[in-house]
Protein chains: 2
Amino acid sequence: MRLVIARCQVDYVGRLTAHLPMAPRLLLVKADGSVSIHADDRAYKPLNWMSPPCWLEEQPGVWTVRNKADESLVITIDEVLHDTKHELGVDPGLVKDGVEAHLQELLAAHPTTFGEGYTLVRREYMTAIGPVDLLLRDAAGKSVAVEVKRRGEIDGVEQLTRYLELMNRDPLLAPVAGVYAAQQIKPQARTLAEDRGIRCLVVDYDALRGTESTDLRLF
Amino acid sequence: MRLVIARCQVDYVGRLTAHLPMAPRLLLVKADGSVSIHADDRAYKPLNWMSPPCWLEEQPGVWTVRNKADESLVITIDEVLHDTKHELGVDPGLVKDGVEAHLQELLAAHPTTFGEGYTLVRREYMTAIGPVDLLLRDAAGKSVAVEVKRRGEIDGVEQLTRYLELMNRDPLLAPVAGVYAAQQIKPQARTLAEDRGIRCLVVDYDALRGTESTDLRLF
DNA sequence: CGCTATATGTCGCTC
DNA sequence: GAGCGACGTATAGCG
């Protein structure tokens, strides 16, 4: 990783055209060839950048970064204030906990969370407009489509509504009931869901994980 | 802006829980108090971060960054390999030249792109739930609502559907037809749109701009 | 490689 | 502060 502090001007031409007037900034050149330009505010977002794969051509006073799509980032350097290089190696990577995938996994493993006698048919059940998170059958054998979200907001209800509309036209599945399962459901989302006959289920992630470890202890 | 290269371990507890094992990384501390942790790849996204407003408490070997929502980032530092500070001042900021607004503008100027005899009623036609990008009338005088997007995805169809539902309740407008206009329309979005009776129109931005310059030459 | 859903999305605007 | 839409969204996962 190379760290350069320099007075520079930046011109991006690609999906849009953007220009940064001459000023001191951080230029970050990473081992994968990517380049980003940071100002002294905002943690997350660089002012400008080029994602890998891309190639940096360095000439005195002008850096040009290009990618396959012929987007370009031209960095005109007026004065270099700092320039160091550091070997970091490959990062072991981030371990996340509490994301949607894990929640879906837990619910798939414990379909009775949705009710007595519920069984799992499929995770990621494919439809023409995308995959339904969980397809279950209730005790009576009726199809139940489940949309899983960490935070239940209105767009998740829309998503499930689309799936239900489509699935209910399939005579092999219909009638299909809908359940919106999330760790937290916003009032607006709940109102819309219930108005459409979709059941809302607030899932206690820690309790579910607890069940999991209880199972592990039992067997 | 402070640049620190250090062997560190990071633990984030907040909207989710995340952990980074001990490894050398870049710690970026900005003037606004924000902190981000970068590996030697990916230009855009830090491995972990805390956005401003937030506060860094530095103790020997342990940095703790906290925000109002009581999210926390704990950085355990094993070894500091580099530590420099640089005054950058306030950035003059980015100048963008967008595409999206221009596309709407071009279509408004050339309503016959949608069909023979089409005329523009209004751009940004206000409804109770937001502005419709374009309101047109076809050759027969029937209302046509247009949603313009650079890339046509499914949420644009939902948006247009909501507008159409509302507008079709207005006796002065109804019946209102819908057109989804974009430079590119994803198959999923097309399927949903056509299923709802919404016409999809793929717009050639360059051709349209070409028409524009032809017009300019003619007059 | 292309497509789709997710994101600690972030950012900027309106209400 | 919440809600909504755009973003050069980026990025991961799967066919």
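Draft legend 1. Examining the relation of the copies chain A and chain B more closely. With an axial shift of 0.9 Å and an RMSD of 2.4 Å, the rotation relating chain A to chain B amounts to 170°. Take the interface residues of chain A: 86% of them recur as interface residues in chain B, which is what a same-surface contact looks like.

Draft legend 2. Looking closely at the pairing of strand β10 (residues 130-137) of chain A. Residue and element names in this part refer to chain A. When you tally the buried positions in β10, you get six out of eight residues, the bulk of the element. Strand direction decides the pairing type here: strand β9 (residues 119-127) and β10, joined by seven bridges, are antiparallel. Its bridge partner being in β10, T119 is matched across the sheet by R137. In this structure, the hairpin formed by β9 and β10 is closed by a connection of two residues. Two strands pair when backbone bridges link them, and β10 and strand β11 (residues 143-152) are joined in this way by four bridges, in the antiparallel orientation. Looking at β11, one finds that L136 is bridged to V144.

Draft legend 3. Layout of the nonpolar core. Residue and element names in this part refer to chain B. In terms of nonpolar packing, the biggest core is built from 21 residues, with V10, L27, I37, W63, L73, I75 and I77 touching the most fellow members. Elements represented by at least two residues in this core include exactly β1 (2-13), β2 (17-29), β3 (35-38), β6 (62-67) and β7 (72-85). By residue number, the principal contributor to this core is β1, which donates five residues.

Draft legend 4. A look at the sheet that holds strand β10 (residues 130-137) of chain B. Residue and element names in this part refer to chain B. Read across the open sheet, the five strands follow the order β9-β10-β11-β12-β13; overall the sheet is mixed. The sheet is open, and its two edges are formed by β9 (119-127) and β13 (199-202), each paired on a single side. On average, each strand axis in the sheet is tilted by 30° relative to the strand beside it, whichever way the strands run.

Draft legend 5. The arrangement of unusual backbone geometry in detail. All names here are of chain A. The amide bond that connects A174 to the next residue, P175, takes the cis arrangement and shows omega of -5°. Note on placement: P175 falls in the loop between α2 (154-167) and β12 (176-185). Of note in the backbone geometry, D70 takes a positive phi value of approximately 65° without being a glycine. Examined against the element boundaries, D70 turns out to sit in the loop between β6 (62-67) and β7 (72-85). The exposure class assigned to D70 is exposed, which follows from its relative accessible area of 55%.

Draft legend 6. How the structure looks around the domain arrangement of chain A. Assigned domains within chain A: domain 1 (2-85) and domain 2 (100-218). Measuring from the centre of the C-alpha atoms in domain 1 of chain A to the corresponding centre in domain 2 of chain A gives 45 Å.

Draft legend 7. Inspection of the protein's contact with DNA strand D at higher detail. The local shell around DNA strand D holds 18 residues, among which N48(A), W49(A), K96(B), R150(B) and R151(B) are the closest. Close to the protein, within 4 Å, the atoms of DNA strand D belong to sugar or phosphate groups at a rate of 74%. Contact between DNA strand D and W49(A): a base nitrogen at 2.4 Å from a main-chain N or O atom of the residue. One nitrogen or oxygen atom from the side chain of R162(B) is found 3.1 Å from a phosphate oxygen belonging to DNA strand D. Of all the elements in the fold, those that place two or more residues in the surface near DNA strand D are β4 (48-50) of chain A together with β11 (143-152) and α2 (154-167) of chain B. Tallied by class, residues from the surface near DNA strand D come to five nonpolar, three polar and 10 charged.

Draft legend 8. Expanded view of the side chain of T161(A). Residue and element names in this part refer to chain A. On the secondary structure map, T161 appears in helix α2. Among the polar contacts made by the side chain of T161, one reaches the main-chain carbonyl oxygen of V157 at a distance of 2.6 Å. Setting aside residues no more than four positions away along its own chain, T161 makes contact with R196 and I198.

Draft legend 9. Here's a closer look at the packing of aromatic side chains. For the structure shown, the criterion picks out three aromatic pairs over all chains. Plain terms: the ring middles of Y44(A) and Y44(B) are 6.1 Å apart, the flat faces sit at 85° to each other, and that makes the pair edge-to-face. In this pair, Y44(A) is assigned in the loop between β3 (35-38) and β4 and Y44(B) in the loop between β3 and β4 (48-50), connecting two distinct chains. Centroid distance Y44(A) to W49(B): 4.7 Å. Interplanar angle 70°. Geometry classified as edge-to-face. In this pair, Y44(A) is assigned in the loop between β3 and β4 and W49(B) in strand β4, connecting two distinct chains.

Draft legend 10. Up close: the pattern of salt bridges. Applying the stated criterion across every chain, the model contains 24 salt bridges over all chains. A salt bridge links E165(A) to R169(A); the shortest N-O distance between them is 3.6 Å. A residue is classified by how much of its surface remains accessible, and E165(A), at 38% relative accessible area, is partly exposed. Using a relative accessible area of 49% as the deciding quantity, one classes R169(A) as partly exposed. With a shortest N-O distance of 3.0 Å, D78(B) and R7(B) are connected by a salt bridge. Pair noted here: D78(B) is in strand β7 and R7(B) is in strand β1, with a separation of 71 residues, a long-range link. R7(B) sits in the partly exposed class, given a relative accessible area of 29%. Overlapping salt bridges, with partners in common, bring together R2(A), E58(A) and D83(A) in one network.

Conventions and cut-offs
Residues numbered from 1 in each chain as written. Chains lettered and ligands numbered in written order. Predicted model: local features only at pLDDT ≥ 70, side-chain atom pairs only at ≥ 80, totals over all residues. Heavy atoms only, no water. Least-squares fit on C-alpha atoms with pLDDT ≥ 70 in both. Contact = heavy atoms within 4.5 Å. Buried < 20%, exposed > 50% of the residue type's maximum accessible area, 1.4 Å probe, protein only. Helix = DSSP H or I, 4+ residues; strand = E, 2+ residues; numbered from the N terminus. Pairing = 2+ DSSP bridges. Core = buried A, V, L, I, M, F, W, Y, C linked by side-chain atoms within 4.5 Å. Axes fitted to C-alpha atoms, helices over the stretch in contact; angles between N-to-C directions. Domains from an automatic or database assignment. Near = heavy atom within 4 Å. Polar contact = N/O pair within 3.5 Å; in protein donor to acceptor, adjacent residues only side chain to side chain. Nonpolar A, V, L, I, M, F, W, Y, C, P; charged D, E, K, R; others polar. Phe/Tyr/Trp six-rings, centres within 6.5 Å; stacked < 30°, edge-to-face > 60°. Salt bridge = Lys/Arg side-chain N within 4 Å of Asp/Glu carboxyl O.

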